[in-house]
Amino acid sequence: MSKQNLCKGCVESVMVTEEIIQELVKETEEDLSVIVSDEIYSERLKICESCPSLQYGTTCAHSGCIVRYRAKFKNKSCPFAQKAKWEKVS
């Protein structure tokens with residue numbers, strides 16, 4: 001993998017396992033008032049999966065966040081600096 005494909009602050013050895021991602025996503029279910037509906041979550045993930053800034057299939061190059069985790073929260077938006085690809089939910 002070339003240096004230009006790495007996330008800001010990451011090195012090639014930085015990878016998150018599927019098990020860790022599943023644990024993080026499961027933790028969001030502890031307070032349903034802060035997470036988006038399944039429909040919005042799916043829409044956000046589709047957008048992230050088609051984004052060229054998705055690194056390792058898991059991580060946003062703009063924020064360093066695990067997209068499957070960040071996309072769950074109402075108070076989060078896409079961190080793309082020029083124009084967010086999805087917005088916060090009230």
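A short tour of the structure in this document, coming up.

Our focus in this paragraph is the overall build of the chain. Counting its secondary structure elements, the chain contains three helices and two strands. Sequence-ordered secondary structure for the chain, helices as α and strands as β, is α-α-β-β-α. Counting over 90 residues, the chain shows a buried share of 31%. Partitioning the contacts of the chain with sequence separation of at least 6, the portion at a separation of at least 24 is 58%. Taken as a whole, the chain presents about 6,100 Å² of accessible surface, with 51% of it coming from carbon and sulfur.

Locating S53 in the fold gives a position in the loop between α2 (38-49) and β1 (54-55). Reaching out from S53, the side chain makes a polar contact with the side chain of H62 at a distance of 2.8 Å. Apart from the residues within four sequence positions on either side, S53 is in contact with T59, C60, A61 and H62.

Here we take up the state of the cysteines. Evaluation of the coordinates by the stated rule reveals zero disulfides. C78 supplies the cysteine sulfur nearest to C48, a cysteine that is in no disulfide, at a spacing of 6.3 Å. No disulfide involves C65; its sulfur sits 7.0 Å from that of C60, the nearest cysteine.

On to helix α1 (residues 18-28). Those residues of α1 that fall on the buried side of the exposure criterion are I21, V25 and T28. For α1, the arc enclosing every buried residue in end-on projection is 45°, short of the 170-degree limit, so these residues lie on one face. Turned more than 90 degrees away from the buried face of α1, the exposed residues are E19 and K26. Buried positions along α1 lie against α2 and α3 (67-70).

Conventions used here
Within each chain, residues carry numbers counting from 1 in the order of the written sequence. Thresholds applied to this predicted model are a pLDDT of at least 70 for local features of residues and 80 or more for the giving and counting of side-chain atom pairs; totals over whole chains, interfaces and linings are not thresholded and use all residues. In computing side-chain properties, one takes all heavy atoms of the structure into account and sets aside hydrogens as well as water. Counting from the N terminus, the helices are the DSSP runs of H or I reaching at least four residues and the strands are the DSSP runs of E reaching at least two. Burial status follows relative accessibility: with a 1.4 Å probe on protein chains alone, a residue under 20% of its type maximum counts as buried, one over 50% as exposed, and anything between as partly exposed. Any pair of residues with heavy atoms lying within 4.5 Å of one another is described as a contacting pair. Here the accessible surface of atoms and residues is derived via Shrake-Rupley with a 1.4 Å probe, and residues count as covered only by protein chains that are part of the display. Any N or O atom pair separated by 3.5 Å or less is treated as a polar contact, with the protein-specific requirement of one donor-capable and one acceptor-capable atom, and with residues adjacent in sequence counted only for side-chain atom pairs. Note on terminology: pairs of cysteine sulfur atoms within 2.5 Å are recorded as disulfides. Our arc is simply the arc of the directions from the helix axis toward the C-beta atoms.

Structural measurements only, silent on function.
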